[in-house]
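# Summary of the model geometry
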Amino acid sequence: MKRQKMYFRMVVASLIRRRSRMLVALLAIAIGATILSGLVTIYYDVPRQMGAQFRGYGANMILLPQEENSMDMAAMEAALTHIPAESVSGAAPYRYETIRVNEQPIIIAGTDLQGAVAASPYWMITGELPSASGQALIGKEVASLLGLSVGASFTASYTPAQAETSENGVTQYQTMPFEVTGVLDTGGSEEQYIFLSSQDVEALTGEEGTLDVVQLSVNGSQQELEAYADAINGAVPQLAARLVKRVTQSETTVLTKLQSLVFLVTAVVLVLTMVCVATTMMAVVTERRKEIGLRKALGASNQSIIMEFMGEGLVLGALGGLLGSVLGFGFAQLVSTRVFNSSIRFQGLLVPITILVSVAVTALACLLPVRSATDIEPALVLKGE
Amino acid sequence: MSLLQLNQVSKIYGDLRALDKVSLSVEKGEWVAIMGPSGSGKSTMMNIIGAMDKPSEGEVLLDGRDISKENAKTLTNIRRDKIGLIFQQFHLVNYLTAVENVMVAQYYHSIPDEKEALNALERVGLRDRAKHLPSQLSGGEQQRVCIARALINYPEVILADEPTGNLDEANEGIVLDIFRQLHREGSTLIVVTHDPEVAEVAQRTIVLEHGRIAREVVNENFVP
Ligand SMILES: Nc1ncnc2c1ncn2[C@@H]1O[C@H](COP(=O)(O)OP(=O)(O)OP(=O)(O)O)[C@@H](O)[C@H]1O
Ligand SMILES: [Mg+2]
């Protein structure tokens, strides 16, 4: 039989036949590894999670025309090619016009209604989003001003700018009937508008028109957002991309704070795990003083003693790391569903990393106890109990 | 030349001379018993002969080589290569089976060989207990495992400190029979004991008192 085989036989026997003792050490390592891998998962997933949360607060980038009437749908599409499609959680092109309903001047916003809701998830809608031509989403203030509610109808009349005065002194206008499908509640200025599909606005005004603003909700760090904006500004001269600073900056500050908190906790947990493992190993060494003395009396070199205890420690470290990376994912999942209401992605790479780290931490923690094991005198074994 | 020779060996702990200028020589193949009251320095002497401790004064020649001033690492190698140890408290590794305990000594010495380890257990009559843990063995059986382990590397000297101290009559008989067998095969045996019956079967008994050799008795009725 090879020496290595006997070595593994001894290490395995010690771990298996003394399992109640070893379980304590394993538990210490596994708990440390659990919290470690859980926190690291959260650390890397927090930007994504928080990004999704922040996107709830609405647009963080807007596109504005560089000159009067310079921005159209084609320009918006060109701008969007500079942002990765999966990072855009909502894009809403807006065209504003003034119409009259019962002689009241009201602003209408022509937009992609699905995109608008995606860019502003905090919108509260009573009723439905318009899904067909001739349907309108009206702001809450408009609803009370005009006495309209879901299901009611109104007639929009539009006066083209160039036809302001007609030959016979009568104002020319175009009209179109609409049905209210939903009332919008935002707590903001949107409540003063009527939202129509872009196509309906075109039909009502009889002009293709240009966009006044595009609201974008984009996932990414401040740097990434700035890079996107720069790319757009460099490539699409018809429009200018601007970041909504208030949103992007607070996002970045909160993220940085959260990540440094997680980082700090991780460091503390690492140190605590190390202390815990070192204490357990110290107890293991103390408990096995006689055995160490005996092994030395049989001719074991210090190096052999170190190898045997390190072997046990490293196996425990690897097992604890494996256990911890599995439990850690569960822990991160739990935190994620409780705090962020969303599930976490499994990071396969984290398993080997957790195992490596817990092996390294265990090795470090074992260093001192194992060193002290080599100080034990072989003569100890001839002393009576 | 003697296998083992102690010249004016002292071990001093503070004011206490646990061994006081002891001189002794043991020939190859000899069977020596060491007796004496508690605290007379028997274990101290065993530790020094067994290369587990160094004397404060004097020299210890093992196979003609002075081991009294060697460093810890060299002493480890000497223990590994030349000494077989048997203890009163058996000292088996409690999570290893009987045969694994024997193999531990092989492991440190050279290459573990399970077959050879089983043969050693056979010699002490424990072939069928090879897979038992120490906790599943009686005291006598544990001591026999300990003897098998001491024999496995063919040591120059077998040192036994109170090998029968924790055993009943029957097991004491078995252990002494094994010693007789070893002696016939040419092993050198040094046995510390309180028990006159154990001392009587040796060729020669050395009596320690207060760290000195008080007297030496040669066993006229020794049966080889
Ligand atoms: N490490 C030590 N430090 C101080 N004194 C020691 C040490 N080891 C042994 N002694 C002392 O040396 C003396 C001899 O001890 P030793 O163990 O050799 O006795 P012994 O003959 O084996 O006794 P016993 O029959 O009880 O085993 C004792 O008085 C003991 O207290
Ligand atoms: Mg003693």
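Presented here is a report on the structure given in the accompanying data block. (Residues numbered from 1 in each chain as written. Chains lettered and ligands numbered in written order. Predicted model: local features only at pLDDT ≥ 70, side-chain atom pairs only at ≥ 80, totals over all residues. Heavy atoms only, no water.)

With that settled, the discussion passes to the overall build of chain B. For chain B, the helix and strand inventory stands at seven helices and ten strands. Here the C-alpha radius of gyration of chain B, 17 Å, is about what a compact globule of 224 residues would show, namely 17 Å. Summarising its shape, the C-alpha atoms of chain B cover approximately 50 × 40 × 35 Å along the three principal directions. A burial count over chain B gives 58% of its 224 residues as buried. Restricting to contacts in chain B with at least 6 residues of sequence separation, those with at least 24 account for 68%. In the structure as shown, chain B presents an accessible area of about 9300 Å², 47% of it carried by carbon and sulfur atoms. Side-chain charges of chain B comprise 24 positive and 32 negative groups, with the mean position of each set lying 5 Å from the other. (Helix = DSSP H or I, 4+ residues; strand = E, 2+ residues; numbered from the N terminus. Rg over C-alpha atoms; globule rule 2.2 N^0.38 Å. Buried < 20%, exposed > 50% of the residue type's maximum accessible area, 1.4 Å probe, protein only. Contact = heavy atoms within 4.5 Å. Areas by Shrake-Rupley, 256 points an atom, 1.4 Å probe, with all protein chains shown as cover. Lys, Arg positive; Asp, Glu negative; His and termini not counted. Charge placed at Lys NZ, Arg CZ, Asp CG, Glu CD.)

Within a sheet, each strand pairs with its neighbour through backbone hydrogen bonds, oriented either parallel or antiparallel. Residue and element names in this part refer to chain B. Spatially, six strands are ordered β6-β7-β8-β3-β9-β10 in an open sheet, and the strand pairing comes out mixed. Among the strands making up the open sheet, the edge pair consists of β6 (83-86) and β10 (212-218). Taking each pair of neighbouring strands and ignoring which way they run, the sheet shows an average axis angle of 20 degrees. By the bridge criterion, six bridges tie strand β9 (residues 204-209) to β10 in an arrangement that is antiparallel. Within the sheet, the bridge partner assigned to R204 lies in β10 and is V218. Across the sheet, helix α2 (residues 72-82) touches β6 and β7 (157-161), and the angle it forms with β6 is around 80 degrees. (Pairing = 2+ DSSP bridges. Axes fitted to C-alpha atoms, helices over the stretch in contact; angles between N-to-C directions.)

Further remarks concern helix α5 (residues 139-151) of chain B. The terminal C-alpha atoms of α5(B) lie 19 Å apart, and with 13 residues this matches the ideal 18 Å at 1.5 Å per residue to within 8%. For α5(B), the buried fraction is high: twelve of the 13 residues fall into the buried class. For α5(B), the set of buried residues is G140(B), E141(B), Q142(B), Q143(B), R144(B), V145(B), C146(B), I147(B), A148(B), R149(B), A150(B) and L151(B). Check the buried side of α5(B) and you find it contacts α9 (289-297) of chain A together with β6, α3 (98-109), α4 (114-123), β7 and α6 (169-184) of chain B. (Expected span 1.5 Å × (residues − 1).)

Let us now look at the site of ligand 1. The local shell around ligand 1 holds 13 residues, among which S38(B), G39(B), K42(B), S43(B) and T44(B) are the closest. More than one chain reaches ligand 1: the nearby residues come from chains A and B. Contacts to ligand 1 include G39(B), whose backbone N or O atom sits 2.8 Å from an oxygen atom. Its free accessible area being 630 Å², ligand 1 has 63% of it covered by the protein chains. Of all the elements in the fold, those that place two or more residues in the shell around ligand 1 are β2 (16-26) and α1 (42-49) of chain B. With three residues, the top contributor of residues to the shell around ligand 1 is α1(B). Taken together, the residues of the shell around ligand 1 sort by class into four nonpolar, seven polar and two charged. (Near = heavy atom within 4 Å. Polar contact = N/O pair within 3.5 Å; in protein donor to acceptor, adjacent residues only side chain to side chain. Nonpolar A, V, L, I, M, F, W, Y, C, P; charged D, E, K, R; others polar.)

Bringing the sheet that holds strand β1 (residues 4-13) of chain B into the picture now. Residue and element names in this part refer to chain B. Strand order in the open sheet formed by four strands is β2-β1-β4-β5, and the pairing between neighbours is antiparallel. If you trace the sheet from one side to the other, it starts and ends with β2 and β5 (65-66), each paired once. As paired strands, strand β4 (residues 57-62) and β5 are joined by two bridges and run antiparallel to one another. The residue bridging L61 from the neighbouring strand is D66, located in β5. Its contacts with the sheet put α1 on β1, β2 and β4, and the angle it makes with β1 is roughly 125 degrees.

Turning to the nonpolar core, a few remarks are in order. Most often, soluble globular proteins keep nonpolar side chains buried together rather than apart. Residue and element names in this part refer to chain B. Membership of the largest hydrophobic core comes to 108 residues, with the highest contact counts inside it found for L6, M45, L121, F179 and I190. It is α3 that contributes the most residues to this core, eight residues altogether. What L6 contacts, discounting residues up to four positions off in sequence, is V22, S23, L24, M45, I49, E59 and V60. (Core = buried A, V, L, I, M, F, W, Y, C linked by side-chain atoms within 4.5 Å.)

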